[in-house]
Amino acid sequence: MRSEDLISSFGEIARAKDIDRDTLQIIVEDVFRAMLRKRYGADEAFEIIFNPKQGDIQILHIQEVVGDWDLVDPVTEITRSDAKKIDEGFDVGDEVASELDVSDFGRRAVMTARQTFRQRIRDIEKEQVYEEYTDLIGEIVVGEIYQVRRHETLLMHEDTELVLPKKEQISGDHYRKGNMLRTVVKEVRRDAGSDPQVVVSRTSPVFMERLFELEVPEVYDGHVEIKKVARIPGDRAKVAVVSHDEKVDPVGACVGVNGRRIHEVVRELSNENIDVMEWSDDPKELIARALSPAEPTSVTLNENADPPRARVEVKADEVSQAIGKRGVNIKLASQLTEFEIDVYRQIPPDEEDVDIEEFGDELTDETIEKLKHIGCDTGKAVLELSADALARRANLDRETAKRVLDIIETEFEKGPGIIESIRKGRFTVESVLESEAADTDGTAPAGATSTEPLDESGPDPLASETTPEAAETEEGADASTDTDTTEDGAPAEEETASVDEDVEEDVSPEAESSDSGESPSSEPVPKESEVQS
């Protein structure tokens, strides 16, 4: 093959791949130098002259003239006698330049040169693709679907293959060969010896930002800035925006008249629901807005936690709205605000709750501390969480979390016992006389609030009381009365009436009146004979 034919084939390949002349010259020179190194072992003694305009090439072999008996390196040196054959004017120390013909290298060397040239062109193409699409990361590209696979979809964009993995596809999307598809360049991967792989996405939050830039001029011009996007692709998204122009309403600009602007974005994203909200630099205000449509009544932050946590209280009828279906709303709010949000139902003042430490008999101290760490310091606060959520937030295994919920739920279903009721002041201990008087006339004495009978298994210290006279007779005896009096007749410190073996309670004011001989109600105290009968 002649050198002209070889260079012509090189030029055709370069034009097809859009390679400029300077790059072509460098590649051609490198290819021929590779041929020279393979044949002669070195290429320092050769000079390559390439003219890309005319498409010809010259390879000159430059050698130094030495004495006939001084030849050491035949590649870089030539004997005086051989130099004389070329030109009689050459002498020792001169340089002789002889031209080599490409055909002298042989057919195999020429084929190798052509293959090497193509490989160099491919390497340049890979580098160009990598640099071009690296600059396009975060930008929207429109590609044609040419192959749909099980785990990925391949698109063609300007003769470059784009890869849309399954995880970067919106669930519910259906792709057909030949359709045009909008995507955003996510990353460009390059492994040694392989072609660069351009990965595109439709689930990235950046994709939604670029769609808003296309549909909302205020966002494209910079008057409205998209501060943060949180997405569950194909389901729901929250977008926080802020205006840098006091005359522009950021939310209204993104929504558009009758929602026309945002509807275009929703349509492109397979009817993904989008909530647009105004950004706030105050974390509490931002969290409250992010939990929309719920309206939190209080937000408490714990920024020292890792990750930072926020305790949010909402009205009882808004708990489901704050959490959302399948927990979508609270998940998006956490992504948007970068706070782990715990939602609790606001407990009305008249609704009772139990401190979590009251369950110390059934729960370990470690479990109680973990519950208090996530803000569950009451029983009903724990019941607001599911077993999975409690296990995840409190770092408990699921069986432990389920047992905690069962213990607390059982306690609330059982309700407070009589001892707990007396402790909280719901029940009062009445005198036996008053109970008998109630049995006699069918009415309860004034001030009685008990709705359940007392435990009659133990001795009743009030049963020995009959009349005021009996009380005076037994005054000073060994602990047979319930109340002592001071010198001026005022009641002294009350003793407690035993209701259970382990719990002692204060005697009610009505019992004090009975001890001092005064009836707690407007009815007279029955006489001793009436009581005995």
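Structure's up top.
Residues numbered from 1 in each chain as written. Predicted model: local features only at pLDDT ≥ 70, side-chain atom pairs only at ≥ 80, totals over all residues. Heavy atoms only, no water.

The next subject is the overall build of the protein chain. Counting its regular elements, the protein chain contains 20 helices and 17 strands. Across the 533 residues of the protein chain, 38% fall into the buried class. If you take every contact in the protein chain between residues at least 6 apart in sequence, the share linking residues at least 24 apart comes to 57%. When the accessible area of the protein chain is evaluated, it comes to approximately 31200 Å², of which 44% is carbon and sulfur surface. (Helix = DSSP H or I, 4+ residues; strand = E, 2+ residues; numbered from the N terminus. Buried < 20%, exposed > 50% of the residue type's maximum accessible area, 1.4 Å probe, protein only. Contact = heavy atoms within 4.5 Å. Areas by Shrake-Rupley, 256 points an atom, 1.4 Å probe, with all protein chains shown as cover.)

Moving on: the pairing of strand β13 (residues 298-302). Where β13 lies against strand β14 (residues 309-314), 5 bridges are found, and the strand directions are antiparallel. Bridge pairing links Val 299 to Val 312 in β14. (Pairing = 2+ DSSP bridges.)

Another aspect to go through is helix α12 (residues 365-373). Looking at α12, one finds that the buried residues are Thr 367, Ile 368 and Leu 371. For α12, the angular spread of the buried residues around the axis is 100°, confining them to a single face. Exposed side chains of α12 directed beyond 90 degrees from the buried face belong to Asp 365, Glu 366 and His 373. Note on α12: the residue one or two positions beyond its end, Gly 375, has a positive phi of about 95°. (Arc of directions from axis to C-beta.)

In this section: the environment of Gly 178. Along the chain, Gly 178 falls in the loop between β7 (160-165) and β8 (180-189). On the accessibility criterion, Gly 178 (37% relative accessible area) is partly exposed. In this structure the C-alpha to C-alpha distance between Gly 178 and Glu 144, which are 34 residues apart in sequence, comes to 5.8 Å. Ignoring sequence-local partners within four residues, the contact set of Gly 178 consists of Glu 144 and Ile 145.

This next bit is on a negative patch on the surface. Taken together, the side chains of Glu 131, Glu 132, Asp 135, Glu 158 and Asp 159 define an acidic patch exposed on the protein surface. Mapped onto the elements of the fold, Asp 135 is located in the loop between α4 (107-134) and β5 (140-148). (Patch = residues over 30% accessible without salt bridge, like charges linked within 9 Å, V, L, I, M, F, W, Y side chains within 5 Å. Salt bridge = Lys/Arg side-chain N within 4 Å of Asp/Glu carboxyl O. Lys, Arg positive; Asp, Glu negative; His and termini not counted. Charge placed at Lys NZ, Arg CZ, Asp CG, Glu CD.)

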